[in-house]
Amino acid sequence: MDDYKFLFKVVLVGNAGVGKTCLVRRFTQGLFPPGQGATIGVDFMIKTVDVDNEKVKLQIWDTAGQERFRSITQSYYRSAHALILVYDISCQPTFDCLPDWLREIEEYASSKVLRVLVGNKIDREDREIPTHVGEEFAERHNMYFLETSAKEAENVEKLFMQIAEDLMKVSRFLCDN
Amino acid sequence: MEYELPTEFDIIIIGTGVIESIISAAASRIGKRVLHIDSNNYYGGLWASFNLDAIHKLSANTEVLDPPTDLINPDETTFALGNDFFSLKNFKTDWHIPKAETQPENENVEEKNETESEEKPEKPITQDSLIKDGRKFNIDLAPKLQFARGEFVELLISSNIARYSEYRSVSRVLTWLNGQLETVPCSRSDVFANNKVTVIEKRMLMKLFMALDSGDQEYLNYDNKTFRAFLTDKKLTPSLIHYVLYAISMSTDETLCLQGIQNTKRFLDSLGRFGKTPFLFSMYGSGEITQAFCRLSAVFGGIYALSQPLSSLIFDNENNFKGLICGKQRISAEFLVMGAEKAPPEFIKSPPRSFIARAVFITDRSIMSSEKEHLTLLLYPPEGGKNSCVIIELGTLTGTCPKDLYLVHLISQQVASPEDDFKHCVENLFSKFEDDKKPKILWSCFFSIPDSNALDLKTGVPGNVVLCPGPDLDLDYDDAVKKAKAIFSDLYPDTEFLPRAPDPEDIIIEGDTEDRNDEDEVVLKPEENTDKVAESETEAKSDNDQEVPKSENEHEE
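Model, not experiment: these values are computed from the prediction.

Criteria and thresholds
- Residues numbered from 1 in each chain as written.
- Chains lettered and ligands numbered in written order.
- Predicted model: local features only at pLDDT ≥ 70, side-chain atom pairs only at ≥ 80, totals over all residues.
- Heavy atoms only, no water.
- Helix = DSSP H or I, 4+ residues; strand = E, 2+ residues; numbered from the N terminus.
- Contact = heavy atoms within 4.5 Å.
- Core = buried A, V, L, I, M, F, W, Y, C linked by side-chain atoms within 4.5 Å.
- Buried < 20%, exposed > 50% of the residue type's maximum accessible area, 1.4 Å probe, protein only.
- Pairing = 2+ DSSP bridges.
- Axes fitted to C-alpha atoms, helices over the stretch in contact; angles between N-to-C directions.
- Arc of directions from axis to C-beta.
- 1 Å grid on protein atoms, 1.4 Å probe; cavity = no way out; pocket = protein on both sides within 12 Å on 5 of 7 lines; lining within 4 Å.
- Points joined across faces, edges and corners; volume = space filled by probe spheres on them.
- Nonpolar A, V, L, I, M, F, W, Y, C, P; charged D, E, K, R; others polar.

> Is there a simple way to explain unusual backbone geometry in this structure?
For residues besides glycine, phi is generally negative; the peptide bonds are generally trans as well. Residues and elements named next belong to chain A. Although it is not a glycine, R70 sits at a positive phi angle of roughly 50°. If you trace the backbone, R70 turns up in the loop between strand 3 (54-61) and strand 4 (82-88). Phi angles above zero are rare outside glycine, and S79 is one such case at about 55°. Locating S79 in the fold gives a position in the loop between strand 3 and strand 4.

> Explanation requested: the side chain of R78 of chain A in the structure shown.
If you trace the backbone, R78 of chain A turns up in the loop between strand 3 and strand 4. Dropping the residues within four chain positions of it, R78 of chain A is found in contact with K9 and Y108 of chain A together with N138, Y284 and E288 of chain B.

> Hey, could you run me through the nonpolar core in this one?
Here is a general trend for soluble globular proteins: nonpolar side chains tend to be buried in one another's company. If you look at the biggest cluster of nonpolar residues, it comprises 111 residues, and the most contacted ones within it are F293, L498 and L524 of chain B. For this core, the element with the most residues is helix 5 (residues 156-176) of chain A, which contributes eight residues. What L524 of chain B contacts, discounting residues up to four positions off in sequence, is V153, L156, I157, A162, Y167, F274 and L280 of chain B.

> What am I meant to see in the sheet that holds strand 6 (residues 144-147) of chain A here?
Strands belonging to one sheet form pairs held by backbone hydrogen bonds; the direction of such a pair is parallel or antiparallel. All names here are of chain A. The strand order 2-3-1-4-5-6 describes an open sheet built from six strands, whose pairing is mixed. Two strands in the sheet have a free side with no partner beyond their single neighbour: strand 2 (44-51) and strand 6. Within the sheet, the average angular offset between the axes of one strand and its neighbour, ignoring direction, is 25°.

> Help me out: how do you make sense of helix 4 (residues 131-140) of chain A in this one?
In an α-helix, one turn spans 3.6 residues; hence positions three or four apart end up facing the same way. Residue and element names in this part refer to chain A. Every buried residue of helix 4 is accounted for by G134, F137 and A138. The buried residues of helix 4 occupy an angular sector of 100° when the element is viewed end-on, so they sit on one face. In helix 4, the exposed positions that point more than 90 degrees away from the buried face belong to E139 and R140. Looking one or two residues past helix 4, N142 carries a phi angle of roughly 60°, positive in sign.

> Is there a simple way to think about the pairing of strand 2 (residues 34-37) of chain B in this case?
Two faces belong to every sheet, and in a regular strand the side chains alternate between them. Residues and elements named next belong to chain B. Going residue by residue along strand 2, you find V34 and H36 tucked away on one face and L35 and I37 tucked away on the opposite face as well. Alignment of strand 1 (residues 8-14) against strand 2, held across four bridges, turns out to be parallel. What sits directly across from I12, in strand 2, is L35. One ladder, built from three bridges, connects strand 2 with strand 12 (residues 303-305); its direction is parallel. Counted as the bridge partner of I37 is A305 from strand 12.

> Teacher, can you tell me more about the layout of surface pockets here?
One way to see where empty space is left: roll a probe the size of a water molecule over the atoms. Residue and element names in this part refer to chain B. In this structure, the second largest pocket encloses a volume near 990 Å³. As for the second largest pocket, its lining consists of 36 residues, of which M250, S388, L473, D474 and L475 are closest to the centre. Elements that contribute at least two residues to the lining of the second largest pocket include exactly helix 8 (238-248), helix 9 (257-269), strand 17 (376-380), strand 18 (389-394), strand 19 (406-413) and helix 13 (478-491). Here the residues of the lining of the second largest pocket are counted per class, giving 14 nonpolar, twelve polar and ten charged.

Structure representation (structure tokens):
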């Protein structure tokens, strides 16, 4: 029926308002929905991409607003292959919360999960977190790092493609062994 | 990140137990503005799962907060939230192994990545080593199994909630017979493969199964008689009576015939859908179930807030619920639904009279060792004045305990105390010594859950307030679904209960790539295009060919 060879679950976390939903919509639909509230009834979005002539299906899960009062269910993290932790480069508090998010990730996500740190909203001029600060944080915690703009479609494609490629590599490696 | 909660809702739900969560999902699903709120910092209430660290910190204290009075009008009254009737009782944990290794040689492994801590076979298990792996435990307060064709599984599928959790099938059903563990023959192939059952017994058992399946109504003559009497009249041998009475129908000597027949049919009907037995277990523990419903509620706009400083409920002078006080906020809604354990004591007319006795053990091997890891249900019959016990043994493939260890749950209707009620099971199944063949208990936890299911939770409760009972003694969730559905229909008559949530795309969530042996992993999807379980099930299916159309097997790609 469906012609894909790999299916990966990717979940997004991070404070409310950092642009998680915008990243997903930009990637899956090519849209930037400004000022939208919570999306009712949308659980996860799907996009199939080509990596080395193979079809890779990414199932991208959003928080459903449960991050607002720090009430994300543990089951959200289960069986995720990749985890994108997002902060807003123009909002210091969203960066300051990263250690809290990491604690939650370590507790509930698989130890093998691919972790990516994303500083979003680089289109904004009131930057508060310099790139190197994000980079250093990512390095310290063994994560990939990327800065993006969902609004200007900058690095969004790259972010998800990188994840798809890496997950496929891991998956192939496991298959071969 | 201090956000204020919105202050106007259609319905507020306090507590994240199973029934509350199902109602929350159902209300959000039809577009109601739902606030689902809990004073706990975890989901699930009395149905939750905890890791090893968190379960040690479980305390039964119910804190009463004084509400700010300026939020309450002069003609309103308030009731403080929370009562002590339904909190866990007799809670007790114990270690049965040394704290640390005696030789200090493993000090240098301290830095090792905790995720990769492969246990060397000879390395003794210590408190410290278990605590280090503590996050890999998911210890249920109220462990449940689901009948493969029960109401709950049908609801998961019809509402599309199945995608939020993963399941494994129970791979064997055991019972305690003549002083030892025996495998209960469930399906036709089991019956024939069982070398403890004689050829004549095999025929008897198949005849009984087929008679029940074909709608034979001979049992109608047993109106006021017991199921045991029926089975005895069928001339079954004592061991067959044991299998059918205590295991397959989960009955007692007193169970009436009709009930026993219904239970047996229910068991047989759920065979052959997934796995070798009629039962499923939700991976990472039963606590995931409430979260699945909460996720659906959130996806449809429900607002979620744990760890909230809930202080009191506000009522007008006609005793209608108006709202509640949470921190410094007053939040209003038309309806209030809450777990009985959250209710003001004034709403509870009678304290619980019966309790669920519970024990949880971490052990070093299975109660019945085998090549592959089993997910075991042991139905321990009533014995010497003790009630029957349900025992569920979980291995690492269920995501509830680390490698090479087992988590064993014991459940029974309490007679004296959990420790006393399970004493005989513990003596028969486990050992205190290292080199015995029986598993050794490394850690134990005992507690009692007050059973609020038989109580009147309506009298004296204001009209727009509903109290939900906590965990029951049932093996499964079917009764909880019925209760949630009834409450929902009372609140919102003539609306659909959890209609199918739209599919982002027709997808199958594969398990992660970890080294599981897959044959018990289960994907729940609607019947017409699935029942696609691993190949070993083809065998199980043909056991049941009266029930399952043959074509179902042809969907395997």
